[in-house]
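Here is what each chain is made of, one letter per residue.
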Amino acid sequence: MRLHYFTFISTVILCFVLLFNVPMGILGLPAVEQQEGSFKITSTEDTISVAWTDPTGEELWKVVMHNTGSIKQIVISEFPILPEPGIGWHIEPGDWHQTWNFEPERNPVITEEENYVVVTFSSKGSTNPVSAVTNITICSNGIVFFDSILKFNENAPNAKFIGINIRGLPVDEWIGESIYYGTPKGIKIQKLETTETTGDFIWYTDMVYWTDWSKELIGMTIICLNPADFSTLFRCSDTRAWGGNDYQVRWAPYLWGAHAFRKDEKYPAHFAIYIHGEGGYQAYLDTINFLVNLGLARDTAAKAPEAYKDQTAKSIAAQALPKINSAFEKVYVNDIEGASALLEEANSILKQAADAEQMAIIKYDLMTLGIVALPIVALIVLAIIKRFLSRKK
């Protein structure tokens, strides 16, 4: 089966981004808020809600998931900072949002631990021949992980565009506010205009790590944990231009109509939603950058063994992924110090693997140069000998 992976060059570039061009503040040890409380899980016919409650039973925040595997809604202190339809896959045409247009294939599976809850969903598109397996992990520290694999079960000549779509952000609530998004070139700001726009107001054709939508006292940062797979397009739109009344955000692996989607292609989507308090992203940047770095490391570790040519480099790189997966598990239980230590070990392994691959390339180039140069040197020596012998005669 064909998996949607980087080529060798892309992986090497990603290694350099990870090892030598990490976002500012990423090497500091982040402090993730942990409020005392407990989980409360409730279900309806179509949804599962996981709330974090204080010792009195009051809900501090809540994540509502649709049975198709989307994050349908996020509520903080009774304010729906992310209303329906929320976060999910988007396929044009037909399956416009995972909440609206996908269908569940089986009942969700709920796993509750002391510090986190995992819900696993299986769903399929109603129009396109796709299926999705999605794990949503809700942590007591306010970090929610959305991990999904979208698979094309048949060739899909009618599909023109796929991506992760964040919809439902009401214009009336956000108009006049400023949003932020983090890139390898720095943090950018965008004012949400008070007048009707022409639709797209951000069209960024490069890697975007995160976007922050914050009010005065509460906020959320949506973080793409495999940004290289979605580096073709980051897009923010005002749907008033098309008769709607909300803002939407999309990450996409291809521009519209640029790729023919074929049977057995798989597309991973790894996102984190960080539910935080007052101060906007600025007060939580160390945590945001730490999660970005974890995602970059996992992406590199997953792709390097296949992309590298040297067997030693492959073997070294394969040791990094288990450590990174363990680091994510540490984040689930709010052991940030343990996660940081594991990430540091994984980064060291990835650097060793990159160095081994580079050394193998140098050795190969030298060997190739020697093979090419040896006949030339032999001809030169032979010519000198012939000339010397001709002079003796």
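The following paragraphs examine the structure supplied in this document. Quick caveat, the model's predicted, so the values are computed rather than measured.

1. Some details on the environment of Ser38
Step number 1: For Ser38, the location among the structural elements is in strand 1 (residues 38-43).
Step number 2: For Ser38, a relative accessible area of 37% puts it in the partly exposed group.
Step number 3: In sequence terms Ser38 and Ala51 are 13 residues apart; their C-alpha atoms lie 8.2 Å from each other.
Step number 4: Apart from the residues within four sequence positions on either side, Ser38 is in contact with Ala51, Trp52 and Thr53.

2. Some points on the nonpolar core
Step number 1: Core analysis: the largest hydrophobic core is formed by 60 residues, its most contacted members being Leu150 and Trp251.
Step number 2: Of all the elements, strand 20 (residues 266-276) adds the most residues to this core, at five residues.
Step number 3: Not counting residues within four places of it along the chain, the set of residues in contact with Leu150 comprises Trp89, Ile91, Phe102, Val130, Ser131, Ala132, Ile162, Glu265, Lys266 and Tyr267.
Step number 4: By size, the runner-up hydrophobic cluster in this structure holds 43 residues, among which are Tyr116, Val292, Ala297 and Ala346.

3. Section: helix 4 (residues 285-307)
Step number 1: In a regular helix each residue adds 1.5 Å, so 23 residues correspond to 33 Å; helix 4 covers 32 Å between its end C-alpha atoms and thus fits that length.
Step number 2: Most of helix 4 sits inside the fold, with 18 of its 23 residues counted as buried.

4. Observations regarding the side chain of Asn101
Step number 1: Tracing the chain through its elements places Asn101 in helix 2 (residues 98-101).
Step number 2: With residues up to four places along the chain from it excluded, the contact list for Asn101 reads Gly94, Asp95, Trp96, Gly125 and Ser126.

5. Things to note about the pairing of strand 3 (residues 59-66)
Step number 1: Counted residue by residue, strand 3 has six buried out of eight residues, so it is predominantly covered.
Step number 2: Where strand 2 (residues 47-53) meets strand 3, seven bridges bridge the pair, whose relative direction is antiparallel. In the strand pairing of strand 3, Thr47 is matched with His66.
Step number 3: What sits between the antiparallel neighbours strand 2 and strand 3 is a turn of five residues, in which Gly57 has the positive phi angle 95 degrees.
Step number 4: In this structure, strand 3 lies alongside strand 4 (residues 71-76), joined through five bridges in antiparallel fashion. Paired with Met65 across the bridge in strand 4 is Ile71.
Step number 5: As consecutive antiparallel partners, strand 3 and strand 4 are separated by four residues, and within that stretch Gly69 has a phi angle of approximately 105 degrees, a positive value.

6. So, the side chain of Asn128
Step number 1: Considering the arrangement of structural elements, one finds Asn128 in the loop between strand 9 (116-125) and strand 10 (130-139).
Step number 2: Not counting residues within four places of it along the chain, the set of residues in contact with Asn128 comprises Ile91, Pro93, Asp95 and Ala159.

7. Here's the deal with the packing of helix 4 against helix 6 (residues 320-332)
Step number 1: It is the contact of helix 4 with helix 6, at a shortest axis distance of 9 Å, that shows an interaxial angle of 150 degrees. If you check the angle between helix 4 and helix 6, you find them roughly antiparallel. Considering how the two elements wind past one another, helix 4 and helix 6 form a crossing that is left-handed. Contact residues: helix 4 offers Phe290, Leu291, Leu294, Gly295, Ala297, Arg298, Ala301 and Ala302, while helix 6 offers Ala320, Leu321, Ile324, Asn325, Ala327, Phe328 and Val331.
Step number 2: For the contact of helix 4 with helix 6, the per-class residue count stands at 12 nonpolar, two polar and one charged.

About the criteria used
- Residues numbered from 1 in each chain as written.
- Predicted model: local features only at pLDDT ≥ 70, side-chain atom pairs only at ≥ 80, totals over all residues.
- Heavy atoms only, no water.
- Helix = DSSP H or I, 4+ residues; strand = E, 2+ residues; numbered from the N terminus.
- Buried < 20%, exposed > 50% of the residue type's maximum accessible area, 1.4 Å probe, protein only.
- Contact = heavy atoms within 4.5 Å.
- Core = buried A, V, L, I, M, F, W, Y, C linked by side-chain atoms within 4.5 Å.
- Expected span 1.5 Å × (residues − 1).
- Pairing = 2+ DSSP bridges.
- Axes fitted to C-alpha atoms, helices over the stretch in contact; angles between N-to-C directions.
- Parallel < 35°, antiparallel > 145°, perpendicular 65-115°, else oblique.
- Left-handed = near helix turned anticlockwise from the far one by under 90°.
- Nonpolar A, V, L, I, M, F, W, Y, C, P; charged D, E, K, R; others polar.

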